[in-house]
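Letter by letter, the chains look like this.
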Amino acid sequence: MVLLCFCLRCFFPSSTVLLISPIHFLEPHFSLARHVSIGGSLRMDPSLPDPASSLSVDSVADSLKSQSLREQGNDRINKENKNKKVKLSLEDLNWDHSFVRELPGDPQSDSIPRQVFHACYTKVLPSAEVENPELVAWSDSVAGLLDLDSHEFERPDFPLKFSGASPLAGALPYAQCYGGHQFGTWAGQLGDGRAITLGEILNSKSERWELQLKGAGKTPYSRFADGLAVLRSSIREFLCSEAMHFLGIPTTRALCLVTTGKLVTRDMFYDGNPKEEPGAIVCRVAQSFLRFGSFQIHASKGEEDLGIVCTLADYAIRHHFPHIENISKSETLSFSTGDNGQSVVDLTSNKYAAWIVEIAERTASLVARWQGVGFTHGVLNTDNMSILGLTIDYGPFGFLDAFDPSYTPNTTDLPGRRYCFANQPDICSWNITQFASTLMAAHLISDKEASYAVERYGTKFMDEYQAIITQKLGLQKYNKQLVNKLLNNLAVDKVDYTNFFRSLSNIKADPGIPEGELLVPLKAVLLDIGKERKEAWASWIQSYIQEVQYVPGHECVFTNDYVHLVASGISDEERKASMDLVNPKYVLRNYLCQSAIDAAEIGDFGEVRRLLKVMERPYDEQPGMEKYARLPPAWAYRPGVCMLSCSS
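Residues numbered from 1 in each chain as written. Predicted model: local features only at pLDDT ≥ 70, side-chain atom pairs only at ≥ 80, totals over all residues. Heavy atoms only, no water.

Attention shifts here to the overall build of the protein. Scanning the protein for helices and strands turns up 18 helices and 16 strands. Going through the 648 residues of the protein one by one, you find that 59% of them count as buried. Accessible area of the protein: about 25,400 Å², with a carbon and sulfur share of 52%. (Helix = DSSP H or I, 4+ residues; strand = E, 2+ residues; numbered from the N terminus. Buried < 20%, exposed > 50% of the residue type's maximum accessible area, 1.4 Å probe, protein only. Areas by Shrake-Rupley, 256 points an atom, 1.4 Å probe, with all protein chains shown as cover.)

Spelled out as structure tokens, the structure:
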């Protein structure tokens, strides 16, 4: 299998020890690591033409969807329901249970930790101890996805139902079985050790949404843990799920967060000093919680369970990738691979090949967006990788404050920094490779199809990342040299990532600005730098101004998620407007989470709710809320705030 390397690497001062790679590059790139390729070599050199040249920058996934839409036409029912505002009570939610109905289940239904064989799930009831639960926070946006009336949050029994203490009418709870590679090593059976899925809701648009309680008690997959969650980690998951969504990044969502009224013992630093913390439960929502490990666990058990891999793949395609079911032969979906171009991958002749290519591209797009906003997941094990390309399982995550490509928010990851910010593109490529190997083991795809999927991951990531960084800088086109120098400067001076890009839009594209005034718009982010560094930044700004100079008669065009600058340039005002649409002013910094946690742990949930409201409008100025965009205070760098363990 081809392993691609496209880390965001920066040159560091000579005194800095680079933990990422012995070869330093400034932008995401392809390495020449082809030594594990399958089925012949693939074109990895970015200077060579893309094998899928017929697609240009367009993704295979988009081509498949477009073809399917042309064949099937528009869905009349969805059109009719699109503008209907349905408001349902909890009792009227439209439950469906396709996962339980269509996939093999565990014949046992107890919660005793054990190995589960030949099953995708185990039916299990929430069992967390609850005493006077309280509603901490909720998302009206997610309620809208489910057609749930927001007044339902006011029900006295709402906290009881979403803590698992009172049954939710229509639910059929289960815990999913999956495995995974943890820190690069196969860990065997993992599964939902503290998450219990209630079932699937079909809304008025025929969209399928799974509801899951995290922290609701033991399951057979709990191993040595108690199946519970604490308020600290639950607040972080709730807030970040919603913050990522409003940043425009694919993610699982969060409907609500409730306290259990009971204490949970946790050793947060793994130092032998456990303490009691308030317990809590988050209701997570996603179209599917299937992950790479959901398939890996069955392939790991040999020939006997390979059929389950196929069954699960068919289920996933049927319900979550329906456009792949009815694809037909098309020239645009057949691609040459290998240096001689003699091998061909035809995605229309094998739906599983088309499926993994789409998963690879969704994943690549997701990671590019993470890199764009400076988000570090922290635990990119294969069991934390969504097949839908969603950000899933928020543990020790973090947004970059001072720009540091080797930043990891996970104390467990400190020795090797496997999951640091710069390594995320590489690691997700590695994870795609493991997933492809699973499908190969189940005889669903060939080695060439597997290699092609990994290659498409690389191509898609590069396309998306370069487009994002181009938009963030307000450029007309990608400028490698300018970007490289910028990333180097950010790393050397440890500049705040979010505030720098937000401030950059204030630069005037006037080559006549005196050199002594060039840094004025960036004064708030270029702190404590000496004369030499000021000169380096002034030089970069001069180059930047040359790139963005205004030429009259051109315009800014908005298409889909991106802003495109047309022809030779745009005015300063237009450029600022377009840049502010892609450079957030507010991100969920760890210290902001901690402030909300500290208040909540003494019974004040107001800060959690205020922080949620701010994060729902990350690109707006929000007068009066500027404190949420400030640089972290000194206390933000203490253990347990800027970095966390996997314990929760």
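That was the structure; now back to the text.
So, about the pairing of strand β5 (residues 179-182). By the bridge criterion, three bridges tie β5 to strand β6 (residues 185-189) in an arrangement that is antiparallel. Counterpart to G179 in the pairing with β6 is Q189. In textbook terms, the turn of a hairpin is the stretch between consecutive antiparallel strands, and for β5 and β6 this stretch comprises two residues, one of which, F183, has a positive phi near 55°. (Pairing = 2+ DSSP bridges.)

Its location among the elements puts K585 in the loop between α16 (572-580) and α17 (590-600). For K585, the side chain forms a polar contact with the side chain of E621, separated by 2.7 Å. Contacts of K585, omitting those with residues within four sequence positions, involve T498, N499, R502, P618, D620, E621, E626 and A629. (Polar contact = N/O pair within 3.5 Å; in protein donor to acceptor, adjacent residues only side chain to side chain. Contact = heavy atoms within 4.5 Å.)

Now for the packing of aromatic side chains. Taken as a whole, this structure holds 28 aromatic pairs when the rule is applied. With a centroid separation of 4.8 Å and an interplanar angle of 10°, the aromatic rings of F292 and F435 are classed as stacked. With F292 in helix α7 (residues 292-299) and F435 in helix α11 (residues 424-441), the pair connects residues that are 143 residues apart, well separated along the chain. Using a relative accessible area of 0% as the deciding quantity, one classes F292 as buried. Here a set of aromatic residues connected by ring pairs shows up, and it is made of F403, F421, Y497, F500, F501, W537, W540 and Y544. Over the ring of F397 we find R236, and its NZ or CZ is 4.1 Å from the ring centre. When the ring centre of Y178 is taken as reference, the NZ or CZ atom of R291 above it lies at 4.4 Å. (Phe/Tyr/Trp six-rings, centres within 6.5 Å; stacked < 30°, edge-to-face > 60°. Lys NZ or Arg CZ within 6 Å of the ring centre and 35° of its normal.)

Here the protein averages 86 in pLDDT, and 81% of its residues register 70 or above. Note on residues 1-26: pLDDT under 50 across the span, and 97 contacts to partners over four residues away in sequence or across chains. A low-confidence stretch, residues 29-57 (pLDDT under 50), is modelled with 66 contacts involving residues beyond four sequence positions or located in other chains. (pLDDT = per-residue confidence, 0-100.)

The biggest cluster of nonpolar side chains holds 139 residues, and the ones touching the most others in it are W355, I387 and F500. Examining the composition of this core, we find that 14 residues originate from one element, helix α10 (residues 351-373), more than from any other. Ignoring any residue separated from it by four or fewer positions in sequence, one finds W355 in contact with F295, A313, A316, I317, F321, I324, I387, F435 and L439. Formed by 34 residues, the second largest nonpolar core is a distinct cluster that contains L88, A143, F162 and L213. (Core = buried A, V, L, I, M, F, W, Y, C linked by side-chain atoms within 4.5 Å.)

A few words now on α11. With 18 residues, α11 should reach 26 Å at 1.5 Å per residue; the first-to-last C-alpha distance of 26 Å fits that figure. The buried fraction of α11 amounts to 14 of the 18 residues, a majority that puts the element mostly inside the structure. Following α11 by one or two positions, H443 adopts a phi angle in the positive range, close to 60°. (Expected span 1.5 Å × (residues − 1).)

Going through the model one piece at a time under the given rule, you end up with 35 salt bridges. Among the salt bridges present, the one from K214 reaches E237, with a minimum N-O distance of 2.7 Å. Of this pair, K214 sits in strand β8 (residues 208-214) while E237 is found in helix α6 (residues 231-246), placing the two residues 23 residues apart along the sequence. As far as burial versus exposure is concerned, K214 and E237 are alike and both buried. (Salt bridge = Lys/Arg side-chain N within 4 Å of Asp/Glu carboxyl O.)

It is generally the case that most residues other than glycine have a negative phi and that most peptide bonds are trans. Here the phi dihedral of H118 falls at roughly 60°; this positive angle occurs in a residue that is not glycine. Mapped onto the secondary structure, H118 falls in the loop between α3 (98-102) and β2 (121-123).

All right, on to α17 then. The periodicity of an α-helix, 3.6 residues per turn, causes residues three or four places apart in sequence to face the same way. Among the eleven residues that make up α17, nine are buried, leaving the element largely enclosed by the rest of the structure. For α17, every residue scored as buried is listed here: N590, Y591, L592, C593, Q594, A596, I597, A599 and A600. Against α6, β14 (398-399) and α18 (606-615) lie the buried residues of α17.

Below, the discussion takes up the side chain of N203. Here N203 shows up in the loop between β7 (195-202) and β8. Within the structure, N203 has its side chain in polar contact with the backbone oxygen of L145 (distance 2.8 Å). If near-sequence neighbours (up to four positions away) are discounted, N203 is found in contact with L145, L146, D147 and W209.

As a further point, take the pairing of β8. Most of β8 is tucked away, with seven of its seven residues classed as buried. Note: β7 against β8, seven bridges, orientation antiparallel. Within β8, the residue paired with E200 across the bridge is E210. Counted along the chain from β7 to the antiparallel partner β8, the turn is five residues long, and its residue S206 has a positive phi close to 65°. Inspection of the sheet shows β8 paired to strand β10 (residues 275-286) by five bridges, in the antiparallel sense. Its bridge partner lying in β10, L213 is registered against C283.

We now examine the environment of L581. Structurally, L581 is set in the loop between α16 and α17. Sequence separation between L581 and L247 is 334 residues; the distance between their C-alpha atoms is 10.0 Å.

Running from N to C, helix α13 (residues 480-493) and helix α15 (residues 531-548) cross one another at 150°; their axes reach a closest spacing of 11 Å. It follows from the interaxial angle that α13 and α15 lie roughly antiparallel. Helix-helix and strand crossings are classified by hand; for α13 and α15 the assignment is left-handed. Across the interface between the two elements, L482, K485, L486, N489, L490, V492 and D493 of α13 pack against R533, A536, W537, W540, S543, Y544 and E547 of α15. In terms of residue class, the contact of α13 with α15 is made up of eight nonpolar, two polar and four charged. (Axes fitted to C-alpha atoms, helices over the stretch in contact; angles between N-to-C directions. Parallel < 35°, antiparallel > 145°, perpendicular 65-115°, else oblique. Left-handed = near helix turned anticlockwise from the far one by under 90°. Nonpolar A, V, L, I, M, F, W, Y, C, P; charged D, E, K, R; others polar.)

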